[in-house]
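Residue-level structural notes
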Amino acid sequence: MVVSEAEGKFLDALYQGVSDSAQLTLALELIQNMFGCRSAVLVMVDARDPTANFVETSGTLLQSLQLYVEKYAQIDPAPARFLSLPAGRAMSTDRLFTPEERATGQFYNEFFKPIGLIETLGGPLYSSDGNFAMIALMRGDDRPPFDDREAAYLEQLMPHITRALQLRRT
């Protein structure tokens, strides 16, 4: 398997991110750029130890994170749909939601679209007993829709992201 220079830098930053938060932030920025996206988010929730919870964002969403948390997080339908997938599976919101759901969705029309985002590729890294982690990459209209090749590529990277988060949690 040939690893590109960009992927090598991402994996290096990701594993350094086990003990260095700045490197984890860099890893998220690198994967965002690898997929040509405007934003990325990495979420980990631990029901047994809420102090272990974190949300790491980059790009467009980082600039709007406070608004998202205060007004839109509770109505964002994407996390629940992503978490219904098997762990390690990636899918785009264009496949998870019908065009009618997007057209009438309050979250999509009032928050997501106005900040320049139109589609997300993501999925659960793990989910059990109230504990979960997920990754999401968000694109604007400046790049084409996510395709099956990109979903498969993200799925190849997800075990690394999962392992880094497990090590970080330990």
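The paragraphs below set out a description of the structure included in this document. Everything quoted here is computed from the prediction, not taken from an experiment.

Definitions and limits used
- Residues numbered from 1 in each chain as written.
- Predicted model: local features only at pLDDT ≥ 70, side-chain atom pairs only at ≥ 80, totals over all residues.
- Heavy atoms only, no water.
- Phe/Tyr/Trp six-rings, centres within 6.5 Å; stacked < 30°, edge-to-face > 60°.
- Helix = DSSP H or I, 4+ residues; strand = E, 2+ residues; numbered from the N terminus.
- Lys NZ or Arg CZ within 6 Å of the ring centre and 35° of its normal.
- Expected span 1.5 Å × (residues − 1).
- Bend = angle between axes of the 7 residues up to and from the residue.
- Buried < 20%, exposed > 50% of the residue type's maximum accessible area, 1.4 Å probe, protein only.
- Contact = heavy atoms within 4.5 Å.
- Polar contact = N/O pair within 3.5 Å; in protein donor to acceptor, adjacent residues only side chain to side chain.

Within the structure shown, the criterion is met by 8 aromatic pairs. Relative to F111, the ring of Y68 has its centre 5.6 Å away and its plane inclined at 45°; by these criteria the two rings are tilted. With a gap of 43 residues between them, Y68 in helix 4 (residues 65–72) and F111 in helix 8 (residues 106–112) connect regions that are remote in the sequence. These aromatic residues form a ring-pair network of at least three members: Y68, Y72, F107, Y108, F111 and F112. The aromatic ring of F54 is capped on one face by R168, whose charged end is 5.7 Å from the ring centroid.

The end-to-end C-alpha separation of helix 9 (residues 148–169) is 31 Å, in line with the 32 Å expected for 22 residues at 1.5 Å each. The largest bend along helix 9 reaches roughly 35° and is located at L157, with the proline P159 sitting one to four residues downstream. Every buried residue belonging to helix 9 is among E150, A151, L154, L157, M158, I161, T162, A164 and L165, and all of these are buried. Along its buried surface, helix 9 packs onto helix 1 (5–16), helix 2 (21–34), strand 1 (39–45), strand 2 (54–59), strand 4 (119–128) and strand 5 (131–139). The residue sitting at the N-terminus of helix 9 and contributing the capping side-chain oxygen is D147; that oxygen lies 3.1 Å from the backbone nitrogen of R149.

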